[in-house]
Amino acid sequence: MLVASRMCGNVLLKSSKLAVALPTNSVMNSLHTSSTVAAATGGGRKTDRESPPKTAAKSRPLVKDYQGLCAWKDSSEVVDTLFNNIVYHEPDTDKSGLVVINKPYGLALNPAKDSPYSLATSLTGLAQKLEVEQLEVVKCVERFSSGITVLGTSSATQAAYKKSMGRLVTTRTLSTSYLAIVKGQPNLNTVESLERILTNCPDVNKPLFGSMHKEPVLSRELKHNKVGRMDTKRVHVAINSLARSAMGAGVVELSPSSTGKHFIPVYLADVGHPLLGDQMYDYRARTMMGQKVKLSTAHTNANRTQVLPTHLLEVLGLGKGEEWLMPKMLHLHRLLLPDWLGAGKSLTVFAPPPEHWVKTCKVMGINLDYKVVAEGDTVKQWKARVKGNKKDNMKTEQKETDLSRQVLELS
């Protein structure tokens with residue numbers, strides 16, 4: 001029997017095995033960008049491709065929205081925004097002190113030179129609104145991304161979070177899920193393991209930081225003896241296409257085991273579908289004579305920007321050279337906390353994408369119903385290593401993947 005209780009604009013669905021925090025129907029319905037919805041099917045949820053929307057010749061429908069991001073009048077407005085974006089807080093039934101917010105794009109964890117407002121400086125005001133003594137940051141999504149950020153009312157919340165996350169390795173579970181608007185028309189549905197390797201780029205004459213420019217690169221040749229070094233980390237990831245448009249853009253859902261060293265934008269560029277708004281690694285994926293081409297770090301430079309095709313610039317209302325106005329279209333929408341409410345009682349929290357993200361999908365003709373996405377969500381697991389001797393494992397893990405066959409590589 002499911003029991004629903006209303007809290008801060010959200011509905012909490014509970015059962016003996018699972019608790020799921022979902023936005024209310026009114027919030028969900030506002031996120032539906034058209035009458036065509038995503039259908040849950042087998043390995044992934046997809047939507048039909050639609051014709052590109054018609055826009056006025058000199059229309060700039062999204063520039064004002066993009067320029068208005070990160071623009072708060074004062075600290076009280078930031079606190080109000082965070083309070084209105086609470087997606088989970090159930091002090092009567094959850095004694096852990098867990099508070100989950102849907103962090104807005106551009107809000108940094110700590111004060112920055114370009115913004116005096118931050119999550120850390122807003123915690124006191126938010127605690128007062130919640131009528132708790134204090135709030136601490138447990139896990140915060142990256143500044144120029146939006147989505148689920150975990151807070152706690154004491155250090156005990158932090159300890160409980162670490163304990164819950166520690167169960168993920170033994171079950172090979174990918175607990176977080178991101179939604180990303182990407183270039184191209186993605187048709188992906190896979191779970192794979194890679195090595196993220198930090199590589200020197202000596203050809204960059206004037207690195208922005210330090211004396212040597214470094215960038216992460218990905219390898220599907222898993223060399224066990226290197227894992228654990230400072231410059232190498234094993235990362236598991238699941239990716240699934242949700243929707244795509246005839247305009248040459250789409251939405252993918254991806255669940256990485258780690259996001260450090262810019263893993264998500266690096267990975268999306270590696271599979272040939274750079275993240276919309278990614279100025280750093282867009283250069284790695286290009287199209288030449290209709291063929292996807294993957295470029296190596298030899299083509300990098302210290303100052304780089306994303307390149308969008310003319311038809312996308314027009315529909316977004318951007319001029320040539322204005323790609324920098326585009327925010328990173330990356331949103332952390334789901335978090336699974338294993339056994340959070342007791343043995344066998346996991347908690348899954350959802351956070352709908354922000355308004356500017358939804359509007360961007362709409363003007364590009366991407367039909368995505370977030371309610372369908374959340375209700376059809378499936379937590380993925382990475383594959384266990386094949387048992388056998390080391391040589392057999394190496395042969396299995398170095399086998400060419402479908403993703404690597406989608407692109408050509410130029411060194």
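On a predicted model such as this, the values are computed, not experimentally measured, just so you know.

### What about the overall build of the protein?
Scanning the protein from terminus to terminus reveals 10 helices and 19 strands. The proportion of buried residues among the 411 residues of the protein is 49%. Put simply, 70% of the contacts in the protein that link residues at least 6 apart link residues at least 24 apart. Taken as a whole, the protein presents about 20,100 Å² of accessible surface, with 52% of it coming from carbon and sulfur.

### Examining the pattern of salt bridges
Enumeration over the complete set of coordinates arrives at 11 salt bridges. Residue Arg143 is joined to Asp114 by a salt bridge in which the shortest nitrogen-to-oxygen separation is 3.1 Å. One end of the pair, Arg143, is in the loop between strand 8 (136–139) and strand 9 (146–152); the other, Asp114, is in the loop between strand 7 (98–103) and helix 4 (123–130), with 29 residues separating them in the sequence. Note on Arg143: relative accessible area 16%, which makes it buried. Since its relative accessible area comes to 57%, Asp114 is described here as exposed. Notably, a salt bridge pairs Arg234 with Glu195, separated by 3.3 Å at the nearest N-O pair.

### Focus on the pairing of strand 7
Counting buried positions along strand 7 gives 6 out of 6 residues, so the element sits mostly inside the fold. The alternating pattern of strand 7 places Leu98, Val100 and Asn102 on one face and Val99, Ile101 and Lys103 on the opposite face, and all of these are buried. Alignment of strand 6 (residues 86–88) against strand 7, held across 2 bridges, turns out to be antiparallel. Note on strand 7: the bridge partner recorded for Ile86 is Ile101. Pairing of strand 7 with strand 9, which is carried by 6 bridges, proceeds in the antiparallel orientation. For Lys103, the partnering residue across the bridge sits in strand 9 and is Gly147.

### Here we look at unusual backbone geometry
Despite not being glycine, Arg172 shows a phi value in the positive range, around 55 degrees. By relative accessible area, which is 29% here, Arg172 ends up partly exposed. Look at Asp339: it is not a glycine, yet its phi comes out positive at around 55 degrees. For Asp339, the location among the structural elements is in the loop between strand 17 (330–337) and strand 18 (346–350). Judged by its relative accessible area of 27%, Asp339 falls in the partly exposed class.

### Focus on the packing of helix 3 (residues 75–84) against helix 4
Between helix 3 and helix 4, whose axes approach to 9 Å, the crossing angle comes to 50 degrees. As judged from the angle between their axes, helix 3 and helix 4 are oblique. Both helix 3 and helix 4 take part in a crossing whose hand is right-handed. The segment helix 3 lies against helix 4, with Val79, Asp80, Leu82 and Phe83 engaging Gly125, Leu126, Lys129 and Leu130. Its residues assigned to classes, the contact of helix 3 with helix 4 shows 5 nonpolar, 1 polar and 2 charged.

### A few points about the side chain of Arg143
Here Asp114 takes part through its side chain, which lies 3.1 Å from a polar atom of the side chain of Arg143. Those residues in contact with Arg143 that sit more than four places away from it in its chain are Lys103, Tyr105, Gly106, Leu107, Ala108, Ala112, Asp114 and Ser115.

### Comments concerning helix 6 (residues 263–270)
Of all 8 residues in helix 6, 8 are buried; the element is thus mostly enclosed. Within helix 6, burial applies to Phe263, Ile264, Pro265, Val266, Tyr267, Leu268, Ala269 and Asp270. A positive backbone phi angle near 90 degrees is found at Gly272, which sits one or two residues after helix 6.

### A look at the nonpolar core
Core analysis: the largest hydrophobic core is formed by 39 residues, its most contacted members being Leu98, Ala180, Leu254, Phe263, Tyr267, Leu268 and Leu337. Sort the elements by how many residues they give to this core and helix 6 lands first, with 6 residues. What Ala180 contacts, discounting residues up to four positions off in sequence, is Gly250, Val251, Val252, Leu254, Leu268, Leu275, Met329, Leu330 and Trp357. Of all hydrophobic cores here, the second largest spans 31 residues; its members include Leu62, Ala243, Leu276 and Leu325.

### A short note on helix 4
Within the span of helix 4, buried status applies to Leu123, Leu126, Ala127 and Leu130. Seen end-on, helix 4 carries its buried residues on one side only, within an arc spanning 105 degrees. Opposite the buried face of helix 4, by more than 90 degrees, sit the exposed residues Thr124 and Gln128. Against helix 3, strand 6, strand 7, strand 8 and strand 9 lie the buried residues of helix 4. Looking one or two residues past helix 4, Glu131 carries a phi angle of roughly 60 degrees, positive in sign.

### Brief notes about the environment of Asn240
As for its position among the elements, Asn240 is in strand 13 (residues 232–245). Here the alpha-carbon distance between Asn240 and Leu179, two residues 61 residues apart in the chain, equals 9.8 Å.

### Regarding the environment of Tyr88
Tracing the backbone shows Tyr88 in strand 6. A polar contact is formed between the side chain of Tyr88 and the side chain of Asp94, at a distance of 2.9 Å.

So, how was this worked out
Residues numbered from 1 in each chain as written. Predicted model: local features only at pLDDT ≥ 70, side-chain atom pairs only at ≥ 80, totals over all residues. Heavy atoms only, no water. Helix = DSSP H or I, 4+ residues; strand = E, 2+ residues; numbered from the N terminus. Buried < 20%, exposed > 50% of the residue type's maximum accessible area, 1.4 Å probe, protein only. Contact = heavy atoms within 4.5 Å. Areas by Shrake-Rupley, 256 points an atom, 1.4 Å probe, with all protein chains shown as cover. Salt bridge = Lys/Arg side-chain N within 4 Å of Asp/Glu carboxyl O. Pairing = 2+ DSSP bridges. Axes fitted to C-alpha atoms, helices over the stretch in contact; angles between N-to-C directions. Parallel < 35°, antiparallel > 145°, perpendicular 65-115°, else oblique. Left-handed = near helix turned anticlockwise from the far one by under 90°. Nonpolar A, V, L, I, M, F, W, Y, C, P; charged D, E, K, R; others polar. Polar contact = N/O pair within 3.5 Å; in protein donor to acceptor, adjacent residues only side chain to side chain. Core = buried A, V, L, I, M, F, W, Y, C linked by side-chain atoms within 4.5 Å. Arc of directions from axis to C-beta.

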